[in-house]
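Coordinate analysis (summary)
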Amino acid sequence: MRANDPFARLPEAASFTVTSTTVTEGAPWPPEQFSSGVPGGKDISPQLSWRGAPEGTKSYAVTVYDPDAPTGSGFWHWVVADIPATVTELPEGAGDDTGSGLPEDAFQLPNDARAARFIGAAPPPGHGPHRYFVVVHALDVASIGVPADATPAVLGFTMSSHILGRAALTATAETPA
């Protein structure tokens, strides 16, 4: 495990469970979850289901983050805010260009490629394995109050004092040299 733990400096939060029919904890992303810039990649967001969120949850946010990207700050692949507390699943492909699989009032923020959609894994060839933290954040507010063009870092900062719980699933990806 690499030293760059994305949760190391975040406030502690209750844990709950996230699962996926797309990927298993610790397993590689399927080809569909790779970037379209990688042979076979399709930029299709994973299916996610969650349960056991803390009492008082009023909304969720979902993030997909690669702390191993050679940028000095990692790479945000997908960010969704204002998912109503009554929703506990996102279908595979919900993170397309239109967010067609997202519930009403939820919205995608621009990722680090500045696209408001899911962008798949694309570790540089020969860079070694990358970890992709798929996280569902349970929040104590119905709307986090960030603009739709906010960066993932702004969302993270704004959420930090509203997180009741966190459910994480880690996928991996590697592009051979």
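Residues numbered from 1 in each chain as written. Predicted model: local features only at pLDDT ≥ 70, side-chain atom pairs only at ≥ 80, totals over all residues. Heavy atoms only, no water.

1. Quick word on the overall build of the protein
To keep things clear, this is the line we draw: To qualify as a helix, a DSSP run of H or I must reach at least 4 residues; to qualify as a strand, a run of E must reach at least 2; elements of each kind are numbered from the N terminus. Atoms counted for the radius of gyration: C-alpha only. Globule rule: 2.2 Å times the number of residues to the power 0.38. Residue burial is assigned from relative accessible area. The probe radius is 1.4 Å, only protein chains are included, and a residue is buried under 20% of its type maximum, exposed over 50%, and partly exposed in between. Residues are treated as being in contact if the distance between any of their heavy atoms lies within 4.5 Å. Where accessible areas are quoted, they stem from the Shrake-Rupley method and a 1.4 Å probe; at the residue level, only the protein chains shown are allowed to cover. The charge count treats Lys and Arg as positive and Asp and Glu as negative. His and the chain ends do not count. Note that the charge is assigned to NZ on lysines, CZ on arginines, CG on aspartates and CD on glutamates.
A tally of helices and strands in the protein yields 1 helix and 9 strands. Helices and strands appear in the protein in the N-to-C order β-β-β-β-β-β-β-β-α-β. For 177 residues, the compact-globule formula gives about 16 Å, and the C-alpha radius of gyration of the protein, at 15 Å, lands near that figure. Taking the principal axes of the C-alpha coordinates as reference, the protein spans close to 45 × 35 × 30 Å. Classification of the 177 residues of the protein by burial places 49% in the buried group. Taking the contacts inside the protein whose residues are at least 6 apart along the sequence as the reference set, 73% of them involve residues at least 24 apart. Element-wise, carbon and sulfur atoms account for 55% of the exposed surface of the protein, whose accessible area totals about 8,300 Å². When the 9 positive and 19 negative side-chain charges of the protein are each reduced to one mean point, those points stand 5 Å apart.

2. Some points on the packing of aromatic side chains
Applicable threshold: Any pair of Phe, Tyr and Trp rings, taking the six-membered ring for Trp, is counted once the centres come within 6.5 Å. Such a pair is stacked with planes under 30 degrees apart, edge-to-face with planes over 60 apart, and tilted for the rest.
Enumeration according to the criterion identifies 7 aromatic pairs in this entry. Ring geometry for Phe7 and Phe133: centres 5.5 Å apart, planes at 85 degrees, overall edge-to-face. With Phe7 in the segment before strand 1 (14-15) and Phe133 in strand 8 (residues 130-139), the pair connects residues that are 126 residues apart, well separated along the chain. By relative accessible area, Phe7 is classed as partly exposed at 23%. The exposure class of Phe133 is buried, given its relative accessible area of 8%.

3. Quick notes on the sheet that holds strand 3 (residues 48-51)
Consider a sheet: its strands pair through backbone hydrogen bonds, and that pairing is either parallel or antiparallel. The following threshold applies: Pairing between strands is defined by DSSP: at least two bridges between the two strands are required.
The strand order across the open sheet built from 3 strands is 2-3-6, with neighbouring strands paired in antiparallel fashion. On the outer flanks of this sheet lie strand 2 (17-19) and strand 6 (89-90), each paired with one strand and no other. Where strand 2 lies against strand 3, 3 bridges are found, and the strand directions are antiparallel. For Thr17, the partnering residue across the bridge sits in strand 3 and is Arg51.

4. Here we look at the pairing of strand 9 (residues 163-173)
Side chains on a regular strand alternate between the two faces of the sheet. Across the 11 residues of strand 9, 8 count as buried, placing the element largely inside the fold. Relative to strand 9, strand 1 runs parallel, the two sharing 2 bridges. Bridge pairing links Ser15 to Arg166 in strand 9.

5. A closer look at the sheet that holds strand 5 (residues 75-84)
Where we set the bar: Only C-alpha atoms enter the line fits that serve as axes; for helices the fit covers just the stretch in contact. Angles between N-to-C directions range over 0 to 180 degrees.
With mixed pairing, the 6 strands of this open sheet are ordered in space as 1-9-8-4-5-7. What marks the edges here is a single partner per strand, and that holds for strand 1 and strand 7 (107-108). Inspection of the sheet shows strand 4 (residues 59-66) paired to strand 5 by 7 bridges, in the antiparallel sense. Residue pairing across strands places Val62 opposite Val80, the latter belonging to strand 5. Of the strands in this sheet, strand 4, strand 5, strand 8 and strand 9 are in contact with helix 1 (residues 152-159), which crosses strand 5 at around 50 degrees.

6. Quick notes on the environment of Val23
In this fold, Val23 is placed in the loop between strand 2 and strand 3. Taking C-alpha positions, Val23 is 9.5 Å from Thr172, a pair spaced 149 residues apart along the chain. The residues touching Val23, leaving out its near neighbours within four places in the chain, are Pro28, Trp29, Pro30, Leu169 and Ala171.

Geometric values such as these leave the question of function open.
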